[in-house]
Amino acid sequence: MTKNLRSSFFQVFTLSLIWITLLITVFFNNQTIQITYLWNVIGIAAIFGLMFGVLYSLLWNYLTLKPIMNILISSVLNMLGGLTAVMLFSSQMFYLIAPWIPGMLILTIILHTLAFYVYARLDTRKKAGELNDLMKTKNE
């Protein structure tokens, strides 16, 4: 489990770092940025690596919490991580979106709930198919 989580973290971290660097290159092309800003970019990539590489994998694949707890934990941590990443990227942008935080929290809970039920349904179908295949091979 630890090896898988570490691998997932570094995959998401690396892809996020490349993605954020590409975005900065496109949108801040003619502007100069301080070299210390790179630590903010590394921090954003680390937040994404923790959220999407470790947190979601732990919650949905390894921990056995009730679905409502998984949804609430992932929604709140997703909001905190996302807002922290926005603050690291641009404090002006953070203060611009700050009034919308309550609506974003409600929306993220709704979307995490929908995603959970879609994921659960697909996972149930996959496991049912695997069991049917097992039964077929056992009966033959």
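### Focus on the overall build of the protein chain
Line of reasoning, step 1. The helix and strand inventory of the protein chain stands at five helices and zero strands.
Line of reasoning, step 2. Reading the protein chain from its N terminus to its C terminus gives the helix and strand order α-α-α-α-α.
Line of reasoning, step 3. In terms of overall size, the protein chain is more extended than a compact globule, its C-alpha atoms giving a radius of gyration of 19 Å where 140 residues would be expected to give roughly 14 Å.
Line of reasoning, step 4. Dimensions of the protein chain, computed from the C-alpha atoms along their principal axes, are close to 70 × 30 × 25 Å.
Line of reasoning, step 5. Here the protein chain holds 140 residues, and the buried ones make up 24% of them.
Line of reasoning, step 6. Across the protein chain, the fraction of contacts at a sequence separation of at least 24, relative to all contacts at a separation of at least 6, is 71%.
Line of reasoning, step 7. The averaged location of the 4 negative side-chain charges in the protein chain is 10 Å from the averaged location of its 9 positive side-chain charges.

### Focus: helix H5 (residues 101-139)
Line of reasoning, step 1. Spanning 39 residues, H5 covers 56 Å between terminal C-alpha atoms, matching the ideal 57 Å at 1.5 Å per step.
Line of reasoning, step 2. Thr108, His112 and Phe116 are the residues of H5 that are buried.

### Looking at a nonpolar patch on the surface
Line of reasoning, step 1. A surface patch of nonpolar side chains, about 420 Å² in accessible area, is lined by Leu63, Leu65, Ile68, Met69 and Leu72.
Line of reasoning, step 2. Take Leu65: it is sitting in the loop between helix H2 (37-62) and helix H3 (67-89).

### Some thoughts on the side chain of His112
Line of reasoning, step 1. Locating His112 in the fold gives a position in helix H5.
Line of reasoning, step 2. For His112, the side chain forms a polar contact with the side chain of Tyr56, separated by 2.6 Å.
Line of reasoning, step 3. Here the side chain of His112 touches Ser75 through a polar contact of 3.3 Å, side chain to side chain.
Line of reasoning, step 4. Here His112 is in contact with Tyr56, Ile71, Ser74, Ser75 and Asn78, once residues within four sequence places are set aside.

### Focus on the confidence of the model for the protein chain
Line of reasoning, step 1. Taken over all residues, the pLDDT of the protein chain has a mean of 90, while the share at 70 or more is 99%.
Line of reasoning, step 2. Within the protein chain, H5 has the poorest average pLDDT of any element, 87, and helix H4 (residues 91-97) the best, 94.

### As for helix H1 (residues 2-27)
Line of reasoning, step 1. Its 26 residues place the ends of H1 37 Å apart at the C-alpha level, agreeing with the 38 Å of an ideal helix rising 1.5 Å per residue.
Line of reasoning, step 2. Among the structural elements, H2 and H3 are those in contact with the buried residues of H1.

### Considerations on the nonpolar core
Line of reasoning, step 1. Residues Ile20, Ile24, Tyr37, Val41, Ile44 and Ala85 constitute the largest nonpolar core, which totals six residues.
Line of reasoning, step 2. Counting residues per element, this core draws most heavily on H2, at three residues.
Line of reasoning, step 3. If we skip the residues at most four places from it in the chain, Ile20 touches Val41, Ile44, Ala45 and Phe48.

### Details of the packing of H1 against H2
Packed helix pairs are specified by the crossing angle of their axes together with the interaxial distance, meaning the distance between the axes.
Line of reasoning, step 1. It is at 8 Å that the axes of H1 and H2 come closest, and there the two elements cross at 140°. When the axis of H1 is compared with that of H2, the two are oblique. Once H1 is placed against H2, the crossing between them reads as right-handed.
Line of reasoning, step 2. Broken down by class, the residue content of the contact of H1 with H2 amounts to 19 nonpolar, seven polar and no charged.

Thresholds applied
Residues numbered from 1 in each chain as written. Predicted model: local features only at pLDDT ≥ 70, side-chain atom pairs only at ≥ 80, totals over all residues. Heavy atoms only, no water. Helix = DSSP H or I, 4+ residues; strand = E, 2+ residues; numbered from the N terminus. Rg over C-alpha atoms; globule rule 2.2 N^0.38 Å. Buried < 20%, exposed > 50% of the residue type's maximum accessible area, 1.4 Å probe, protein only. Contact = heavy atoms within 4.5 Å. Lys, Arg positive; Asp, Glu negative; His and termini not counted. Charge placed at Lys NZ, Arg CZ, Asp CG, Glu CD. Expected span 1.5 Å × (residues − 1). Patch = residues over 30% accessible without salt bridge, like charges linked within 9 Å, V, L, I, M, F, W, Y side chains within 5 Å. Areas by Shrake-Rupley, 256 points an atom, 1.4 Å probe, with all protein chains shown as cover. Salt bridge = Lys/Arg side-chain N within 4 Å of Asp/Glu carboxyl O. Polar contact = N/O pair within 3.5 Å; in protein donor to acceptor, adjacent residues only side chain to side chain. pLDDT = per-residue confidence, 0-100. Core = buried A, V, L, I, M, F, W, Y, C linked by side-chain atoms within 4.5 Å. Axes fitted to C-alpha atoms, helices over the stretch in contact; angles between N-to-C directions. Parallel < 35°, antiparallel > 145°, perpendicular 65-115°, else oblique. Left-handed = near helix turned anticlockwise from the far one by under 90°. Nonpolar A, V, L, I, M, F, W, Y, C, P; charged D, E, K, R; others polar.

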